Structures are given as structure tokens and as C-alpha cells.
Amino acid sequence: MTGENAGDKPRRVLLKLSGEAFGGGKVGIDTHVVRRIASEIVPAVNKGVQVAIVVGGGNFFRGAELQQAGIDRSRGDYMGMLGTVMNCLALQDFLEQEGQATRVQTAITMGQVAEPYIPLKAIRHLEKGRVVIFGAGAGMPYFSTDTVSIQRSLEIHCDEVLMGKNGVDGVYTADPRKVRNTRKLDEITFDEMLELASLGAQVLNNRSVELAKKYNVELEVLSSLNPIPGTVVKEVTKDMEGMLIKGVAKDTDVAVITILNVPDEPGMSFKIFGLLAQKNINVDIILQSTGRDGKKDISFTCAEGEADLAMRVLKESAHFSDVSVDTTCAKVSIVGAGMQSHSGVASKMFEAMSNNNINIKMISTSEIKISCIINRDDADKAVSAIHDMLFD
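Okay, so let's go over this structure. (Residues numbered from 1 in each chain as written. Predicted model: local features only at pLDDT ≥ 70, side-chain atom pairs only at ≥ 80, totals over all residues. Heavy atoms only, no water.)

A closer look at the sheet that holds strand 4 (residues 115-116)
Now for step 1: On the basis of which strands lie adjacent, the open sheet formed by 9 strands has the order 4-3-5-2-1-6-8-9-7 and mixed pairing. Pairing within the sheet leaves two strands with one partner each, and these edge strands are strand 4 and strand 7 (187-189).
Now for step 2: Relative to strand 5 (residues 131-135), strand 3 (residues 102-106) is paired through 5 bridges, and the arrangement is parallel. Bridge pairing links V104 to I133 in strand 5.
Now for step 3: With respect to the sheet, helix 2 (residues 31-46) is in contact with strand 1 (12-17), strand 2 (50-55) and strand 5, its orientation differing from that of strand 2 by roughly 150°.
Now for step 4: Contacts from helix 4 (residues 73-97) reach strand 1, strand 2, strand 3 and strand 5 within the one sheet, and its direction differs from that of strand 5 by about 165°. (Pairing = 2+ DSSP bridges. Helix = DSSP H or I, 4+ residues; strand = E, 2+ residues; numbered from the N terminus. Contact = heavy atoms within 4.5 Å. Axes fitted to C-alpha atoms, helices over the stretch in contact; angles between N-to-C directions.)

And the structure:
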């Protein structure tokens, strides 16, 4: 990070730090790790960089994981917000031990330990050379700290967002912990990153990418612990045509619902998916057979956690009796803007799965992605096979 912009304006950076990094891979706070993070922030401030920080709380709580354990999602998210505040206070302490003036602002008012979040006051602190740490997320459930990082950067007019992650130092062509010979990307487009995020890649929250794309936020994904260059996410990249595929991803949170013997007449698709939309059930891939003898079949995918509700809606509200659900599926996908102008990519993907005796149940395509529904037990094998075929 350099300290000056054009016109000698101080560079203002928002740094998002992973909560898991604060725990050193365990529950709680690893003081050695937090002290090291603090010692790496201070030199940047001394060079004139204005540093704001958003800290995650994954070393304590994650709302989505607590929900799986039976806790109400909203309450779990609030517990996670309190975890971020504990991390903020720990980092503040170590920064001040380094002689760096620091303020903590929280989206949930807790006057005895932090200031309330006030953007103009945060900007004033930064202009005076203080580090500002934002805690308690957005103060509302269902918001990831990735998304809050983009929000805060826009509100306090940051020049750049450095999205620190735990376990990875950028965006890779596949999960480097599970697939051999993956490559770290120097850069990736917003559209490609958004597709990967929505298709199961867990590097960035897809809502944060949508917000960054909308307001053209300068964004880099890098390690929370290792000060090395990461992956820049931007509107247009240098190799949009050169590198056909940017990544292979999988999503195991998939259920396939099939309705047989649907009347082949106008309005039936609206009836089905209108009722599902009323229940806020997100549908992904839709496959409809050619009508025959006045009947047709419709299959679609949704999140496994919404499958039971979808089945009830179809049986009780739409009055379909011949409905089945398959919860043993996964979705594997490839993403790359280069596919728009090159042929043969789909055939290589299908060849890789054919060579490994993997059956494809459904296929969906767009200009920059191809997704296949397969058996869940084959997901990891499919990702490795496709990656080998396309990148080796």
C-alpha cells in the first residue's frame, strides 16, 4: 500500500480481516496472531495510508452454522456480531500497544466499549491518522462481513478494499485444498467472480461482489496473514479473451424436484414458479420436457433446505400429486468470459466427466458459465477431473 494518490491525496484503504485468522484456526483469540497483524498495519499508517478495518467473527460464531445447530438464524447472526466486537477490541489493544491511536465503532450501540458507527466521525478519525475498526457487522442479521466491508468503504469514501481471507491468498482456479495444480489468478472480472461465488466458491460472498460491481469498487482478495499480492477483482481484465476458464466450482447444497404429468397448456409454469416465489424459494436450473399427449415434465433445482417447503407448496397449493425430490445431487460449474468467443469448452467438460464415469442429470449454460447436476458423491472427483482437463 502506498500512501499517496494523484494530487498528494492520502490513500484511504479498507482492510477486511478474517475472524478465523484471529483464532489461528481455533475458537477464541490467538494473541500472537493478532499482535502480528497489528505490527503489519502500523507501518502502512506511518507511510500516510488511512486504514479502516472490518473484522469478522468466525473464530467465535457464524450465524449460518448456528442455525444448522438449531439456533434461530437472526439470533445466531447477532451472536456473530458480538464476536466481531471482541476481535475489534483485541486488535485495538495491540495497535495501541504499538503506539497507534485507534478507535472502534460498532453498528450496535455499546457505549462502554466503542463509539457508535458514524461515517463522518470515522472519516475525521482517519484524517487525524487514527485507525478505525468497524465491529458488529451491519447491525442487522443476514449480512456477511464481506458485504459490510464494501458498504463501509463506500460510506467513508475508500480508494480500495483489501479483502483478507483465511486459508487462501487469492482466487484460485479451484479449491487449492482439494484440487492439485490449481493456479492463483492475478485478476478476475466482477461477472466471473459473481458467478463463482453464486456457484459454490466460498472466497467471497456473492452480495458483496454485486455491490462492488455496481459501484466499481477497487477490490483485491488476499491473505489475512501473509502480506503478498492477491487477486484483483475488476470490471475488465487484461486476459478476458486469453484465459478461457477462470475457475471450477461445486455446490453440494442442491436438491432436484421433478413434477411429472404437468398439463401441457399455457400458464402452468407461471402457476408453479409463481407459488414458489411467494414462499421466497429460490429456483436455479429449470428443465422442461417436450410436451406429449397433452402432458410434460418439469424439473428444477433449489437449496436442499428449501426442498421440503417446495414439495408442500407443489402438493398442497398447486395440487400436483406426482412430485419427487432428489437430495443426493451436487452442481459442478465452470466459469470464464473467454467462453463467449471460443467453442469446444463444453465438450471438454463433458469429456472429463465421461472419462470418470460421471453421469450428468441436468445442464445449464450462460454466456460465461456451464453448470451440470450430478450425483453428490461424484462432486469432488468431477471438479478434479474437469480442472485437469481444462488447465493441465
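With respect to the pairing of strand 9 (residues 231-234)
Regular strands show a simple pattern: their side chains alternate between the two faces of the sheet.
Now for step 1: Of the two faces of strand 9, the one holding T231 and V233 is buried and the one holding V232 and K234 is not buried anywhere.
Now for step 2: Summarising the sheet, strand 7 and strand 9 pair through 3 bridges and their orientation is parallel. Of the residues in strand 9, the one forming a bridge with E187 is V232.
Now for step 3: Note that strand 8 (residues 219-223) and strand 9 share 3 bridges and pair antiparallel. Paired with V221 across the bridge in strand 9 is T231. (Buried < 20%, exposed > 50% of the residue type's maximum accessible area, 1.4 Å probe, protein only.)

Description of unusual backbone geometry
Now for step 1: Residues other than glycine seldom take positive phi values, yet A136 does so here, at roughly 70°.
Now for step 2: Looking at the secondary structure, you find A136 in the loop between strand 5 and helix 6 (145-155).
Now for step 3: Not every positive phi belongs to a glycine, and Y142 is a case in point at roughly 70°.
Now for step 4: By the secondary structure assignment, Y142 is in the loop between strand 5 and helix 6.

A few points about the pairing of strand 13 (residues 323-335)
Now for step 1: Taken together, the 10 bridges between strand 10 (residues 247-263) and strand 13 define a ladder with antiparallel strand orientation. If you follow A249 over to strand 13, its bridge partner there is S333.
Now for step 2: Here 7 bridges tie strand 13 to strand 15 (residues 369-375), and the two strands are oriented antiparallel to one another. Its bridge partner lying in strand 15, V332 is registered against C372.

Some thoughts on the packing of helix 7 (residues 190-198) against helix 8 (residues 206-214)
Now for step 1: One can describe the packing of helix 7 onto helix 8 by two numbers: an axis separation of 9 Å at closest approach and a directional angle of 165°. The angle between helix 7 and helix 8 falls in the class roughly antiparallel. With respect to the hand of their crossing, helix 7 and helix 8 are arranged in left-handed fashion. In this structure, helix 7 uses F190, D191, M193, L194, A197 and S198 to contact helix 8, whose residues at the interface are N206, V209, E210, A212 and K213.
Now for step 2: When its residues are assigned to classes, the contact of helix 7 with helix 8 shows 6 nonpolar, 2 polar and 3 charged. (Parallel < 35°, antiparallel > 145°, perpendicular 65-115°, else oblique. Left-handed = near helix turned anticlockwise from the far one by under 90°. Nonpolar A, V, L, I, M, F, W, Y, C, P; charged D, E, K, R; others polar.)

Some words on the sheet that holds strand 14 (residues 362-365)
Now for step 1: Spatially, 11-12-10-13-15-14 is the arrangement adopted by the 6 strands of the open sheet, whose pairing is antiparallel. Where the open sheet ends on each side, the last strands, each with one partner, are strand 11 (283-288) and strand 14. Each neighbouring strand pair of the sheet contributes to a mean axis angle of 30°, computed without reference to strand direction.
Now for step 2: As paired strands, strand 11 and strand 12 (residues 295-302) are joined by 4 bridges and run antiparallel to one another. Residue Q288 lies in a different strand from strand 12, and its bridge partner there is I298.
Now for step 3: Docked against the sheet, helix 12 (residues 379-391) engages strand 10, strand 13 and strand 15, running at close to 120° with respect to strand 10.

Some details on the packing of aromatic side chains
Now for step 1: In total, this model carries 2 aromatic pairs according to the counting rule given.
Now for step 2: Relative to F134, the ring of Y117 lies with its centre 5.3 Å away and its plane at 85°, an arrangement referred to as edge-to-face. Pair noted here: Y117 is in the loop between strand 4 and helix 5 (119-127) and F134 is in strand 5, with a separation of 17 residues, a long-range link. Taken individually, Y117 and F134 each receive the classification buried, so the pair is uniform in this respect.
Now for step 3: Aromatic pair F273 and F300: ring centres 5.5 Å apart, planes at 75°, arrangement edge-to-face. Within this pair, whereas F273 is found in helix 9 (residues 268-278), its partner F300 is found in strand 12, the two being separated by 27 residues in sequence. Per residue, the accessibility class of F273 equals that of F300, and both read buried.
Now for step 4: For R152, the ring lying beneath its charged end belongs to Y117, and the centroid distance is 3.8 Å. (Phe/Tyr/Trp six-rings, centres within 6.5 Å; stacked < 30°, edge-to-face > 60°. Lys NZ or Arg CZ within 6 Å of the ring centre and 35° of its normal.)

Topic: the pattern of salt bridges
Now for step 1: Counted by the stated rule, this structure contains 20 salt bridges.
Now for step 2: Across the salt bridge formed by D146 and K16, the nearest N and O atoms sit 2.9 Å from each other. In this pair, D146 is assigned in helix 6 and K16 in strand 1, connecting sequence segments 130 residues apart.
Now for step 3: Residue classification places D146 among the buried positions, given a relative accessible area of 5%. (Salt bridge = Lys/Arg side-chain N within 4 Å of Asp/Glu carboxyl O.)

Section: helix 8
Now for step 1: Taken together, the buried positions of helix 8 are S208, V209, L211 and A212. Viewed end-on, helix 8 has its buried residues packed into an arc of 165°, placing them on one side of the element.
Now for step 2: If you follow the buried residues of helix 8, they end up packed against helix 6, helix 7 and strand 8.
Now for step 3: Residue N205 occupies the N-cap position of helix 8, its side-chain oxygen lying 2.9 Å from the main-chain nitrogen of R207.
Now for step 4: Directly beyond the C-terminal end of helix 8, a positive phi value near 50° is found at N216. (Arc of directions from axis to C-beta. Polar contact = N/O pair within 3.5 Å; in protein donor to acceptor, adjacent residues only side chain to side chain.)

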